[in-house]
Amino acid sequence: MCQLLGMNNAAPTDFTFSFKGFCQRGGATDIHSHGFGLSIYEGRGLRSFLDTLPASESPLAKVIQSYPIRTHNMIAHVRYATTGCVSLENVHPFSRELWGINFTFAHNGQVPKFDDSTPLEEQPLLGKTTLDDLHYNPVGDTDSEAVFCAILNALKREFEDLPTLPILHGFLSKLCKEIIAGDEETTIFNFLLGCGKYTQFAFSWPGKRPGSKVWNGLYYIVRSPPFQSASLVDVDYSIDFAKFAKSNDRVAVITTKPLTSEEGWTEFERGQLLMFDKGLPYRSPKCCECVEQEGRGLSSKCFQRRRASSISSSSEATRPMRPSSRLLLPTNAPDSPKSALHIPCRQ
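Residues numbered from 1 in each chain as written. Predicted model: local features only at pLDDT ≥ 70, side-chain atom pairs only at ≥ 80, totals over all residues. Heavy atoms only, no water.

K.L.:
Just to check I follow, could you spell out the overall build of the protein chain for this structure?
P.N.:
The helix and strand inventory of the protein chain stands at six helices and 15 strands. Relative to its 347 residues, the protein chain shows a buried fraction of 53%. Long-range pairs, those at least 24 residues apart, make up 71% of the contacts in the protein chain between residues at least 6 apart in sequence. (Helix = DSSP H or I, 4+ residues; strand = E, 2+ residues; numbered from the N terminus. Buried < 20%, exposed > 50% of the residue type's maximum accessible area, 1.4 Å probe, protein only. Contact = heavy atoms within 4.5 Å.)

K.L.:
It is not clear to me how the packing of aromatic side chains should be interpreted in this structure. Could you clarify?
P.N.:
Here the structure, examined in full by the defined rule, presents 14 aromatic pairs. Here F159 and F171 contribute two aromatic rings whose centre-to-centre distance is 5.3 Å and whose plane-to-plane angle is 75°, an arrangement assigned as edge-to-face. On the criterion of sequence distance, the pair formed by F159 in the loop between α3 (143-158) and α4 (165-180) and F171 in helix α4 is long-range, its members being 12 residues apart. Across the pair, exposure class does not vary: F159 and F171 are buried alike. Summarising the aromatic geometry, the rings of Y220 and F276 are spaced 5.7 Å apart at their centres and angled 75° between planes, so their arrangement reads as edge-to-face. A residue pair is termed long-range when its members are at least 10 positions apart, and Y220 in strand β9 (residues 219-223) and F276 in strand β14 (residues 272-277) qualify at 56 residues. As far as the burial class goes, Y220 and F276 line up, both buried. Positioned above the aromatic ring of Y237 is the side chain of K20, whose terminal nitrogen or guanidinium carbon lies 5.2 Å from the ring centre. Lying over the aromatic face of W205, R270 brings its terminal NZ or CZ to 4.1 Å of the ring centre. (Phe/Tyr/Trp six-rings, centres within 6.5 Å; stacked < 30°, edge-to-face > 60°. Lys NZ or Arg CZ within 6 Å of the ring centre and 35° of its normal.)

K.L.:
Honestly, the pattern of salt bridges in this entry has me stumped. Any pointers?
P.N.:
Opposite charge on two side chains lets them pair, provided their charged atoms get close. Applying the stated rule across the entire model yields 10 salt bridges. Close ionic contact of E42 with R47 constitutes a salt bridge, the shortest N to O distance being 2.4 Å. K128 is the salt-bridge partner of E158, the closest N and O atoms lying 3.9 Å from each other. With E158 in helix α3 and K128 in the loop between β6 (101-110) and α3, the pair connects residues that are 30 residues apart, well separated along the chain. (Salt bridge = Lys/Arg side-chain N within 4 Å of Asp/Glu carboxyl O.)

K.L.:
Even after reading the chapter, I still don't get helix α5 (residues 285-293), so can you show me in this structure?
P.N.:
Within an α-helix, residues lying three or four positions from one another point in the same direction, as the helix has 3.6 residues per turn. The buried fraction of α5 amounts to nine of the nine residues, a majority that puts the element mostly inside the structure. Residues P285, K286, C287, C288, E289, C290, V291, E292 and Q293 constitute the buried set of α5.

K.L.:
What is the right way to look at the sheet that holds strand β1 (residues 3-14) in this model?
P.N.:
Remark on secondary structure: sheet strands pair via backbone hydrogen bonds, oriented parallel or antiparallel. Pairing is antiparallel in the open sheet, where seven strands are placed in the order β3-β2-β4-β1-β12-β9-β13. The open sheet is flanked by β3 (45-51) and β13 (266-267), the only strands paired with a single partner. As paired strands, strand β2 (residues 36-42) and β3 are joined by seven bridges and run antiparallel to one another. Opposite G37, over in β3, you have L50 as the bridge partner. (Pairing = 2+ DSSP bridges.)

These values are about where atoms sit, not about what they do.
Structural data, given as structure tokens:
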């Protein structure tokens, strides 16, 4: 199995502290020695670094650890090859353009429906996808890239205009259930999905391979004022965030296993999909409405941006949406506020 690292930040933040500890799991403190990758959003651009060498040994990884790039959104991965050989085309994260937006994806687990032993023509089509809609195809041999392409094909088939974040959350949740259905006991499906500069989705269907004691899930922590010190568990290194962070900083770190010994790590529930924006997790489509209201939904130069009239829900929008708001809006809110919120929705 592999390991994942994601960061989502309220203000541009460098990731060198977490990445330093994470790289040790790529062959030093753990067995994930079959390559590493990192994708960093910078405006509409996506800067990616991929290597087949272990992250703990790679000269490229060492350069990145000393290169304090600041970003709102990043995804990293260390690989232990279970499907597909050790080669550059099989190194995560994978990236594709959809709607004029850079999407990036990293996965930990196994998805039997998309295993390399299953011919592409026999792999399932998600959502309303037909054989005529296969715009995205895998380059490498991993089930991870195959399922990423299937998700993108379903998104492209479903939406003619940019979906709002509530609609996107709901549709991705539906696809995740479709991917797992019928293989609930053998599927391990933990992923991070970057959708442009601000937005990151994380999903966990945890488990362990037959004969293995290693549990593959997802955890996250949100660091916000007042900031404290933290110590990495994979290397003797600590930092006092209070000396470097500002009052408007907030950072969410998502990873396969906690990177630090501090309190506050939360394990994802089984089947839980969270959207992260400004370092905060949003549990349901309804929770995502307030992010869309702030004008932080999907944005693309390829689509004419229309002003939305309202958001239909039990609590009407209290502030006008910015002109960058999208056309597609939720027609109902499937969860009540009491059951939906993982954190309070900001209004």
